[in-house]
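Residues per chain, in single letters:
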Amino acid sequence: MSTNIKSCDNHILRNLANSLKSYLIKSVTSIGNPKEQAEYLTFFRADSIVKDCEFIRKSFYSSNPDTTWSLLSQSFGGFCALTYLSFYPESLREVFLCGGLAPIHLTNPDDVYRQTYKKVLKYNKKYYNKYPEDVERAKNIISKLQQNEVKLPDGGNLSVRRFQSLGLSLGIRGGAERLHHIMELSCSKYNHNDQLFSDEFLGLVQASQYLDNHPIYAILHESIYCQGEASNWSANRIREEFSPTFEVPDLSNLSNEEYDDYRVFFTGEMIYPEVFDDFVDLRPLKEAANILAQKNDWGPLYDVEQISKNKVNIYASVYYEDMYVDFKLSEEVIAKIDKDYVHPWITNLYLHSGLRDFTEVFDNLLFLVDNKTY
């Protein structure tokens, strides 16, 4: 019975996610023209999220509005927590950050991607060291994609860049294994009617990429770093600085020796303009996404001066091998906060998803509450 209940719960959650996604996309696209849609979407960043949280706090503690509360945050939640500390520090008792020390001193994402591309490259090398047979599999897949138009079950495009973006999972627990499973399915012997790829492979590729189900993530990802500057499709621009590492040549034009030496490198948490063509549900948002990428008057997300004199205790798990929130940039943020009120736990034992993966991550943060050092 428990298995049936779990299956039912998962089904309900999937339906709920699909309903919310459909509602969001319809609500955005029903708003006038793309310029008006883009303006509406600007209210989904950390500054607006924090204002909503503060409204909830005051409503919840209406009889005693000076009551403070504690924050537990993971990844982007940590970015929001630092925004909260910037503008409403008097509302907070303490803050727990897990893989979420936002680069509060930056005004655009360029330096973020300069660091994270390096980390993604490192994860690629670890992946191929673990699964060397996937070097050839990746090239076989790319060759087919370069020579054919491949559609996923929902009608989305399986382009070369969309395939490379499967590397997003490499920085979380079990991500390399899931990618390897997809690669194994690419050479399945059970393709029907001379299909290039099996239905199972195509279905798993689609299921492994969640931008269709998270349109706000796709359209606002780069803006979470913007303060008074445009992102101008930062990940796409900075990618060129690493050329030719992440670029894929026409494999049919390579000599045998060049082909043998070539490696397909996966990308990470990078949003490219092409996703608004490749992902079916994102296509209606393409024009609004381009407008937001050019927006250069974003408001402030952080008050560096306020955070530098912060008097609210911050307990932070900082992951040395984090593929998404760069360790070097996290160190720079820690250095800007009064050392008596920031208590980092730096570890290489866990990945970015540590809080979700292991209960001891939060246990270690609670240890810091009592000891303030680790």
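Residues numbered from 1 in each chain as written. Predicted model: local features only at pLDDT ≥ 70, side-chain atom pairs only at ≥ 80, totals over all residues. Heavy atoms only, no water.

Novice: Can you explain the overall build of the protein? Please cite residues and give values.
Specialist: Along its length, the protein carries 18 helices and four strands. Taking 21 Å as the expected radius of gyration for a compact globule of 374 residues, we find that the protein reaches 22 Å, a close match to that expectation. Along the three orthogonal principal directions, the C-alpha set of the protein runs to about 70 × 55 × 50 Å. Within the protein, the proportion of its 374 residues that are buried is 49%. Expressed as a percentage of contacts within the protein between residues at least 6 apart in sequence, the contacts between residues at least 24 apart total 77%. Between the centroid of the 39 positive side chains of the protein and the centroid of its 52 negative side chains there is a distance of 2 Å. (Helix = DSSP H or I, 4+ residues; strand = E, 2+ residues; numbered from the N terminus. Rg over C-alpha atoms; globule rule 2.2 N^0.38 Å. Buried < 20%, exposed > 50% of the residue type's maximum accessible area, 1.4 Å probe, protein only. Contact = heavy atoms within 4.5 Å. Lys, Arg positive; Asp, Glu negative; His and termini not counted. Charge placed at Lys NZ, Arg CZ, Asp CG, Glu CD.)

Novice: Which residues make up the packing of helix H2 (residues 34-41) against helix H14 (residues 286-294), and what values do they have?
Specialist: Between H2 and H14, the least distance of the axes is 8 Å, while the angle of their chain directions is 65 degrees. As for how H2 packs across H14, the hand of that crossing is right-handed. Residue-level inspection shows Pro34, Lys35, Gln37, Ala38 and Leu41 of H2 in contact with H14, the latter providing Glu287, Ala288, Ile291 and Leu292. Residue classes in the contact of H2 with H14 are distributed as six nonpolar, one polar and two charged. (Axes fitted to C-alpha atoms, helices over the stretch in contact; angles between N-to-C directions. Left-handed = near helix turned anticlockwise from the far one by under 90°. Nonpolar A, V, L, I, M, F, W, Y, C, P; charged D, E, K, R; others polar.)

Novice: Can you break down helix H9 (residues 199-208) residue by residue, with the values?
Specialist: Since the α-helix packs 3.6 residues into each turn, any two residues three or four apart lie on the same face. Taken together, the buried positions of H9 are occupied by Phe201, Leu202 and Val205. Buried residues of H9 fall within an arc of 95 degrees about the axis and therefore sit on the same side. Seen from the buried face of H9, the exposed residues on the opposite side, beyond 90 degrees, are Asp199, Glu200 and Ala207. Close packing links the buried residues of H9 with helix H6 (134-147) and helix H8 (175-185). (Arc of directions from axis to C-beta.)

Novice: An account of the pairing of strand S3 (residues 313-319) is requested, with residue identities and associated values reported.
Specialist: One face of the sheet, then the other: side chains in a regular strand alternate in exactly this way. Most of S3 sits inside the fold, with seven of its seven residues counted as buried. Here strand S2 (residues 92-98) pairs with S3 via five bridges, running parallel. Note that in S3 the partner of Val95 across the bridge is Ile314. Pairing analysis gives six bridges linking S3 to strand S4 (residues 342-347), with the strands arranged parallel. Pairing of Ser317 across the sheet is with Trp345, part of S4. Regarding the hand of the β-α-β motif, the stretch spanning S3, helix H16 (residues 327-335) and S4 is right-handed. (Pairing = 2+ DSSP bridges. Right-handed = clockwise from strand over helix to strand, strands pointing away.)

Novice: Any chance you could break down the packing of H6 against H8 for me, citing the residues and the numbers?
Specialist: Taken N-terminus to C-terminus, the directions of H6 and H8 make an angle of 60 degrees; their axes are 10 Å apart at the nearest point. Classified by the angle their axes make, H6 and H8 are oblique. For the pair H6 and H8, the sense of crossing is left-handed. Where H6 abuts H8, its residues Asp134, Arg137, Ala138 and Ile141 lie against His180, Met183 and Glu184. Broken down by class, the residue content of the contact of H6 with H8 amounts to three nonpolar, one polar and three charged. (Parallel < 35°, antiparallel > 145°, perpendicular 65-115°, else oblique.)

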